[in-house]
Amino acid sequence: MAVIGGRNVGTNDLVVMGAGALMFIDSFLPWYGVSFKGIPGVVGARGGSASVSAWHFVGAWFPMLLILAVAGITAARVFGGQTMPTVANGVVSWTFITAAASLLAAIIILLRWVTYPSASGVGFSAGAKFGTYLGLILAIVQTVFGYLSIVASGERLPWQKRTV
């Protein structure tokens, strides 16, 4: 456990918040791109490339906002000194909701990746770029550490038996 601002902060929460911060940076990296080579011997045909960031696709910016919201909710829970309001009479915890939102973000990014138009041929290629892969990894990391946070706190998952 780390002590930040006079509060004990669990490693799992630090990783969840860190993944959110890294995802924000990742949102400006290339997520999809096209590159092509010039035609040899033709004047002015030098080739080039173009790419777009996560903010150009709903399948990328929506999960980006989910990941950022999860990091923000975790930071509010950890540093706010307040308890979050109960959800569904305490059956569902905020830790579970944030882990589920991270999982949803990972699934959306995965679906976006497999539905990118991709092509390759002589002198050109189009497809996913570094930002997509990094975004998927960060969403998975945030999901795993969100789940580990649930386990570390001793909370029960909604489908587990509860004793009264």
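Residues numbered from 1 in each chain as written. Predicted model: local features only at pLDDT ≥ 70, side-chain atom pairs only at ≥ 80, totals over all residues. Heavy atoms only, no water.

Draft legend 1. View of the sheet that holds strand E3 (residues 32-37). One open sheet holds the four strands; their spatial order is E4-E3-E6-E5, and the pairing between them is antiparallel. Each end of this open sheet is capped by a strand with a single partner; those strands are strand E4 (47-52) and strand E5 (119-121). The average angle at which neighbouring strand axes cross in this sheet is 10°, direction not considered. As defined by bridge partners, E3 adjoins strand E6 (residues 124-128) across five bridges and the pair is classed as antiparallel. In the strand pairing of E6, Phe36 is matched with Phe124. (Pairing = 2+ DSSP bridges. Helix = DSSP H or I, 4+ residues; strand = E, 2+ residues; numbered from the N terminus. Axes fitted to C-alpha atoms, helices over the stretch in contact; angles between N-to-C directions.)

Draft legend 2. Main features of the packing of aromatic side chains. Using the criterion set out here, one finds four aromatic pairs in the structure. Aromatic side chains Phe24 and Phe28 sit 5.2 Å apart centroid to centroid with 90° between the ring planes, which places their arrangement in the edge-to-face category. Between Tyr32 and Tyr116, the ring centres sit 5.0 Å apart and the planes meet at 40°, which makes this aromatic pair tilted. On the criterion of sequence distance, the pair formed by Tyr32 in strand E3 and Tyr116 in the loop between helix H3 (94-115) and E5 is long-range, its members being 84 residues apart. Judged by its relative accessible area of 14%, Tyr32 is buried. Under the relative-accessibility criterion, Tyr116 is labelled buried at 5%. (Phe/Tyr/Trp six-rings, centres within 6.5 Å; stacked < 30°, edge-to-face > 60°. Buried < 20%, exposed > 50% of the residue type's maximum accessible area, 1.4 Å probe, protein only.)

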